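Below, each chain spelled out in residue letters.
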Amino acid sequence: MTSGSAFFQQIVNGLTVGAVYALIALGYTMVYGIIELINFAHGEIYMLGAYFGTIAAGALLLAGVPVYVTLPLALLAAAGLTGLYGLSAERMAYRPLRKAGRLAPLITALGLSIFFQQLVLLTQGAKDKVFPLAITSAGVTLGPVRVAYIQMLILAVAAALMVGLQLFVQKTSMGRAMRCTAQDPLMASLVGVPVNRVISLTFVLGSSLAAVAGVLVVVYYGKVNYLSGYTAGLKAFTAAVLGGIGNIPGAMLGGIFLGVVEGLAAGYIGGEYKDVVAFVILVLVLIIRPQGLLGVRVPDKV
Amino acid sequence: MSLRHFTACSWASAALGLLLLVGCAGTDGKVIRVACVGPMTGEQAKQGKDMLEGAQLAVEEWNAKGGVLGKKIELLVGDDAQDPKQANAVANKMFTQGVVVIDGHYNSSCTIPASEVYNQRKMVCLTPASTNPQVTDRKYPTIFRVCGRDDQQGRAAAQWIAKHLPGARVAVLDDKTTYGQGLAGEFTKSYKELTGKEPVFTGVVVKEDQDHTPVLTNMKGSSPDIVYFGGLYPQGGLIVKQMRQLGMKTSFMSGDGTYDPEFIRIAGPENAEGSYLTFIPDQEKLPTAKKVVDAYKKRFGEVGPYSLYSYEAINIALQGMVKAGSEDGEKVAQAIHSMAFDTVFGPMQFDAKGDVLVSPYVMWQVQGGKLVQLPADS
């Protein structure tokens, strides 16, 4: 099993996975924060992002675009296209049901998730899609710890996006409108907040972040298939609940925490048990702090 | 549903059922029916097509020579869609259609349940591609395997290491599936027997996972020179890629489940360079196969990895039938057990379980981003 010197390596492994969970968890938590919907199709949105990135990178390389601009362009293309998917999902599947109680949108979300899976299965096939660029496995070695350049890229992009999102929500007028809507949509609309636009924007932002996570993962692991969204979505949802659903810094903390715990559990106990450990911790957190690590207990909204 | 409705419905379904039965009438004794059964649709449709083409070629050759026992051969096609339940259903369908010889299935998970039917109905079944030991370990008298077994493959890998890398520190990983665990287990057993050493590290990768860095980090601590992996190419590719990301130079060795160009693409050609895979020999280079390969290419194009096994499955069954002088499954099977066949792979004989006597596996290596067969004596 893991020796002392491998401990820090396991932490680095876990951080990389955790950063990805955190990016996906943001989408869950933002949507829940605004309309109290658990968007179970969000994992599939992440998977769609990975596909768009892979296809865009393939097309760009075919068109003779140099390698070092391919990746940023593929990221942008994936974020944009997936954002559109998020937007249309909200318009077509969720908005008509906004006043229909909580169960109908939840079931719609599950249906949408199956729809996206099958859409990709039918159009792209069941085989793994391989990212067309072979990314270098090189990296730097710091004592016992080895960090690949691609791991650094994932951590840097995730950190930048999280800081950016936090600034957006706290400092801009649109961010203020989002916070308003989250507190009380009816009141917000009465004081002139364009509630529908705010909700649409939330879906676009969440979907784009998930798409970035998807592209980073497909670059890191090299492959994606139509079922990839399921596990990733479940883990990210766990991360969001762990951090306190509806709470943006909570989702980030939850994601990182879950990734590191999983990495250590897989390293010290065994890969078969890492999900067990992750979910046991989730249950314990929910027993001791039902509102999650950073969540605040809010009185029921009437 | 009211009772009257119910009665009406049952009459309707009974009538439909009768119609189906009419459609399933057996042969009238003027032809001998053989069937090629495999994944004809879905993700593995390519493998199904490879099998079918091999069978078609063999049947055409036999019919050109006048058939068997004075009758023409008719080739039926069955689709198991790589689904064990479907495999069982198609096996029963083949029985009702009067098929006496089955060339199939492709997946062990399909061959195993389907062979229960073939055994019960005394139909001769020769699988061209299912390598799980269970296929023949149940010792059913009419079930044969034309290709190799997973345990022969694990042994071939261990022999290679014992001969060419005698001092290497060996680690073993598996994916906990029937196939992967069986393969890794057989490798470890043979490795211990041949070298008297234990692997320096054993671990498990979870098939559903993408991130194998935790177990690889642990493995790194044992500083192995080579890792043997029992599992399939998606995980194999990820293992190689992530070892390199962790700065490990450990070589990689695996079996036929990893033999796929996708393995190199997922790992990255640079990372996969030098990896070893046990697989069947390149048939296009076998001198004994030249004539058949040429005929196959002329008729269908590219020869698939299991096309010629399917071709030989039909040949062996029909030769058995000629010797037995009967279409009776049990008699044909007895004849096959007693004979020595001259195949495109060289001489072939079956043991009491229905396995080939000589292990067909050879070592392949990734060289310059491509899979290349290593010479047997190097």
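Rules behind the numbers
Residues numbered from 1 in each chain as written. Chains lettered and ligands numbered in written order. Predicted model: local features only at pLDDT ≥ 70, side-chain atom pairs only at ≥ 80, totals over all residues. Helix = DSSP H or I, 4+ residues; strand = E, 2+ residues; numbered from the N terminus. Rg over C-alpha atoms; globule rule 2.2 N^0.38 Å. Buried ≥ 20, exposed ≤ 12 C-beta atoms within 10 Å, placed from the backbone. Contact = placed C-beta atoms within 7 Å. Domains from an automatic or database assignment. Nonpolar A, V, L, I, M, F, W, Y, C, P; charged D, E, K, R; others polar. Pairing = 2+ DSSP bridges. Axes fitted to C-alpha atoms, helices over the stretch in contact; angles between N-to-C directions. Expected span 1.5 Å × (residues − 1). Parallel < 35°, antiparallel > 145°, perpendicular 65-115°, else oblique. Left-handed = near helix turned anticlockwise from the far one by under 90°. Core = buried A, V, L, I, M, F, W, Y, C linked by C-beta atoms within 7 Å.

Novice: So what exactly am I meant to see when it comes to the overall build of chain A here?
Specialist: Across its full length, chain A holds 11 helices and four strands. Taking 19 Å as the expected radius of gyration for a compact globule of 302 residues, we find that chain A reaches 19 Å, a close match to that expectation. Overall size of chain A, expressed as C-alpha extent along the three principal axes, is 55 × 50 × 35 Å. In chain A, which comprises 302 residues, the proportion classed as buried is 51%.

Novice: For this particular structure, what's the right way to read the overall build of chain B?
Specialist: Broken down by element type, chain B carries 14 helices and 14 strands. When the backbone C-alpha atoms are referred to their principal axes, chain B occupies close to 70 × 60 × 35 Å. Residues counted as buried form 51% of the 378 residues belonging to chain B. The contacts of chain B with a sequence gap of at least 6 include a subset with a gap of at least 24, amounting to 68%.

Novice: Got a minute to help me understand the domain arrangement of chain B in this structure?
Specialist: A common measure of how large an interface is: the accessible area buried when the components associate. Residues and elements named next belong to chain B. When its domains are assigned, chain B resolves into domain 1 (27-148 + 285-344) and domain 2 (151-279 + 362-373). Computed from C-alpha atoms alone, the centre-to-centre distance between domain 1 and domain 2 is 32 Å. Classifying every residue of the side of domain 1 that touches domain 2 by side-chain character gives one nonpolar, three polar and no charged.

Novice: Just to check I follow, could you spell out the interface of chain B and chain A for this structure?
Specialist: The interface of chain B with chain A comprises 29 residues on the first partner and 28 residues on the second. Grouping the amino acids of the side of chain B that touches chain A by side-chain chemistry returns 10 nonpolar, 10 polar and nine charged.

Novice: Please clarify how the sheet that holds strand 4 (residues 124-127) of chain B should be interpreted in this entry.
Specialist: Through backbone hydrogen bonds, the strands of a sheet pair up, either in parallel or in antiparallel fashion. Residue and element names in this part refer to chain B. Taken in spatial order, the five strands make up an open sheet running 2-1-3-4-5, and their pairing is parallel. Because the sheet does not close on itself, it has two edges, and the strands there are strand 2 (72-79) and strand 5 (143-145). Along the sheet, successive strands turn relative to each other by an average axial angle of 20°, direction set aside. Examined bridge by bridge, strand 1 (residues 31-38) and strand 2 share eight bridges and lie parallel to one another. Paired with Arg33 across the strands is Glu74, a residue of strand 2.

Novice: Sorry if this is basic, but what is going on with the sheet that holds strand 7 (residues 201-204) of chain B here?
Specialist: Residues and elements named next belong to chain B. Taking strand neighbours across the sheet as the criterion, the seven strands line up as 7-6-8-9-10-13-14 in an open arrangement whose pairing is mixed. The open sheet is flanked by strand 7 and strand 14 (370-373), the only strands paired with a single partner. Across this sheet, the average inter-strand angle for adjacent strands is 25°, counted without regard to direction. The pairing of strand 13 (residues 362-367) with strand 14 spans four bridges and is antiparallel. Looking at the pairing, Val366 lines up with Leu371 of strand 14. The strands touched by helix 8 (residues 213-221) are strand 6 (170-174), strand 7 and strand 8 (226-230); relative to strand 7, the strand with the most contacts, the crossing angle is about 175°. In the packing of helix 9 (residues 233-245) onto the sheet, contacts are made with strand 6, strand 8 and strand 9 (251-254), and the angle to strand 9 comes to roughly 170°.

Novice: Sorry if this is basic, but what is going on with helix 9 of chain B here?
Specialist: For an α-helix the count is 3.6 residues per turn, leaving residues at separations of three or four pointing the same way. Residue and element names in this part refer to chain B. End to end, helix 9 covers 18 Å across 13 residues, agreeing with the expected 18 Å (1.5 Å per residue, within 8%). When you tally the buried positions in helix 9, you get 13 out of 13 residues, the bulk of the element. Positive phi shows up at Gly247, right after helix 9, with a value of about 75°.

Novice: Would you mind showing me how to read the packing of helix 2 (residues 42-62) of chain A against helix 3 (residues 67-94) of chain A here?
Specialist: Think of two packed helices as two axes; the pair is described by the angle between the axes and how far apart they sit. All names here are of chain A. The interhelical angle for the contact between helix 2 and helix 3, taken along N-to-C directions, is 140°, at an axis separation of 8 Å. Of the possible angle classes, the one that applies to helix 2 and helix 3 is oblique. Considering only the axes of helix 2 and helix 3, their crossing is right-handed. Of the residues in helix 3, those in contact with Ile45, Leu48, Gly49, Phe52, Gly53, Ala56, Ala57, Leu60 and Leu61 of helix 2 are Thr70, Leu73, Ala74, Leu75, Ala77, Ala78, Leu81, Thr82, Tyr85 and Gly86. In terms of residue class, the contact of helix 2 with helix 3 is built from 14 nonpolar, five polar and no charged.

Novice: Looking at this structure, how should I read the pairing of strand 12 (residues 346-349) of chain B?
Specialist: The side chains of a regular strand alternate, first on one face of the sheet and then on the other. One ladder, built from four bridges, connects strand 11 (residues 340-343) of chain B with strand 12 of chain B; its direction is antiparallel. From the neighbouring strand, Asp342 of chain B faces strand 12 of chain B, where its bridge partner is Pro347 of chain B.

Novice: Could you clarify how one ought to interpret unusual backbone geometry in this entry?
Specialist: Negative phi values dominate among residues other than glycine, just as trans dominates among peptide bonds. With an omega of -5°, the peptide bond between Gly104 of chain B and His105 of chain B qualifies as cis. Topologically, His105 of chain B is positioned in the loop between strand 3 (99-104) and helix 4 (108-120). In this model, Glu36 of chain A sits at a positive phi of 55°, which is unusual for a non-glycine residue. Relative to the elements of secondary structure, Glu36 of chain A occurs in the loop between helix 1 (6-35) and helix 2. Here the phi dihedral of Ala81 of chain B falls at roughly 50°; this positive angle occurs in a residue that is not glycine.

Novice: Looking at this structure, how should I read the environment of Val193 of chain A?
Specialist: Structurally, the position occupied by Val193 of chain A is in the loop between helix 7 (185-190) and helix 8 (195-221). Residues Val193 of chain A and Cys180 of chain A, 13 residues apart in the sequence, show an inter-C-alpha distance of 7.9 Å.

Novice: Could you clarify how one ought to interpret the packing of helix 6 (residues 173-183) of chain A against helix 8 of chain A in this entry?
Specialist: Residues and elements named next belong to chain A. At a minimum axis separation of 10 Å, helix 6 and helix 8 run at an interaxial angle of 100°. When the axis of helix 6 is compared with that of helix 8, the two are roughly perpendicular. Counted together, Met174, Ala177, Met178 and Thr181 of helix 6 and Val195, Val198, Ile199, Leu201 and Thr202 of helix 8 form the full contact between these two elements. A per-class count over the contact of helix 6 with helix 8 returns seven nonpolar, two polar and no charged.

Novice: Can you walk me through the nonpolar core in this structure?
Specialist: It is characteristic of soluble globular proteins that their nonpolar side chains tend to be buried jointly. Ala22 and Leu23 of chain A are the most contacted members of the largest nonpolar core, which totals 137 residues. Broken down by element, the residue count for this core peaks at 18 residues, all from helix 8 of chain A. Excluding residues within four positions of it along the chain, Ala22 of chain A makes contact with Ala158, Met162, Ala239, Ala251, Met252, Gly255 and Ile256 of chain A. Core analysis: the second largest hydrophobic core is formed by 61 residues, Ile73, Met94, Val101 and Tyr309 of chain B among them.

Novice: Got a minute to help me understand the environment of Ile150 of chain A in this structure?
Specialist: Within the secondary structure layout, Ile150 of chain A lies in helix 5 (residues 149-171). Between the alpha carbons of Ile150 of chain A and Ser137 of chain A there is a distance of 7.5 Å; along the sequence they are 13 residues apart.

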